[in-house]
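Secondary and tertiary structure notes
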Amino acid sequence: MIEFADVSKTYSTKRGETVHALDSINLHVRENEFITLVGPSGCGKSTLLKLVSGLVPPSSGEVRVRGQKVEEPFPDVGFVFQQPVLLPWRTVLDNVLFSIEMLGQNPKAARQRALELLELAGLKGFENKYPRELSGGMQQRVSICRALVHEPSLLLMDEPFGALDALTREEMSIELLRIWEQTRKTILFVTHSISEAVLLADRVVVMSARPGRVVKIVPIDLPRPRSADMEFEAAFREYHEEIRRLIFAN
């Protein structure tokens, strides 16, 4: 589904300084796979998502999606950010349909799909509410529905639960797993939480400090469907400690 082939990324700042964000990234992501990315702040996790989506080009190497070189933004992707970024003057349903409008498609044709997603996300009955009437977790569910409504095969998530309190974050992680089990999108998910990374992923990609490199890819052999109670099991704790050691060793 996704291939990073010897990808590096260097930025130039306004002061003329050079920032080496990523170095020689080689990574393959299978279709329908749930991949989480963890590592120190500033290691290039978010830059990887921007490279996949075509928002920024690599400085060297290639990013390919389904064998096609990524050279510009493409529609077969949904992006979920740390903040929901909802339009306050639009209802929940209209916020979900906003991405359809931006793609130049007919929102009326996508209305039923949007309603089904809202029901799937536990938001049935909130279609005509406004963002100010929702909790932070509910707003983030709306943003996930918005990212899925045009039925992309790839979902990129950049610390989508980072601004939520611990209990809501745990609830949203389980909710996302439930949605993923039903939609089976390919997901690249950036997080600073090791527990969240282990709970969600088929594989955890551990990155080094800047310039970001892939230190190790850790397959997570835990049964699905998963629950928050797994965090207390010995196997979960072993994965958590292995990943923590890898991060702090680099």
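Description of the structure in this document. Just so we're clear, the structure is a prediction, and the values are computed from it rather than from any experiment.

1. Structural notes on the sheet that holds strand E2 (residues 18-29)
Taken in spatial order, the four strands make up an open sheet running E2-E1-E4-E5, and their pairing is antiparallel. This sheet does not close on itself; its edge strands, each paired only once, are E2 and strand E5 (68-69). Examined bridge by bridge, strand E1 (residues 2-12) and strand E4 (residues 60-65) share five bridges and lie antiparallel to one another. Among the inter-strand pairings, Ile2 is bridged to a residue of E4, identified as Val65. Sheet strands in contact with helix H1 (residues 45-53) are E1, E2 and E4, and its direction is about 115° off that of E1.

2. Points about the pairing of strand E8 (residues 186-190)
Most of E8 sits inside the fold, with five of its five residues counted as buried. Here E8 shows no split at all, with Thr186, Leu188 and Val190 on one side and Ile187 and Phe189 on the other all buried. When strand E3 (residues 34-38) meets E8, the two strands line up parallel, connected through four bridges. Within the sheet, the bridge partner assigned to Phe34 lies in E8 and is Ile187. Relative to E8, strand E7 (residues 154-158) runs parallel, the two being bridged by five bridges. Each residue of the ladder has a partner; that of Met157, found in E8, is Phe189. In this fold, the crossover linking E7 to E8 by way of helix H5 (residues 166-183) has right-handed handedness.

3. Here we look at the sheet that holds strand E6 (residues 77-80)
Strands in a sheet are paired, the pairing made by backbone hydrogen bonds, and the direction either parallel or antiparallel. Taken in spatial order, the six strands line up as E6-E7-E8-E3-E9-E10 in an open sheet, and their pairing is mixed. Edge positions in the open sheet fall to E6 and strand E10 (214-219), since each of these has one partner strand only. Adjacent strand axes in the sheet meet at a mean angle of 15° when their direction is disregarded. Here E6 pairs with E7 via four bridges, running parallel. Opposite Val80, over in E7, you have Met157 as the bridge partner. Against the sheet, helix H7 (residues 234-248) makes contact with E3, strand E9 (203-207) and E10, and its axis sits at roughly 175° relative to E10, the strand it touches most.

What counts, and at which threshold
Residues numbered from 1 in each chain as written. Predicted model: local features only at pLDDT ≥ 70, side-chain atom pairs only at ≥ 80, totals over all residues. Heavy atoms only, no water. Pairing = 2+ DSSP bridges. Helix = DSSP H or I, 4+ residues; strand = E, 2+ residues; numbered from the N terminus. Contact = heavy atoms within 4.5 Å. Axes fitted to C-alpha atoms, helices over the stretch in contact; angles between N-to-C directions. Buried < 20%, exposed > 50% of the residue type's maximum accessible area, 1.4 Å probe, protein only. Right-handed = clockwise from strand over helix to strand, strands pointing away.

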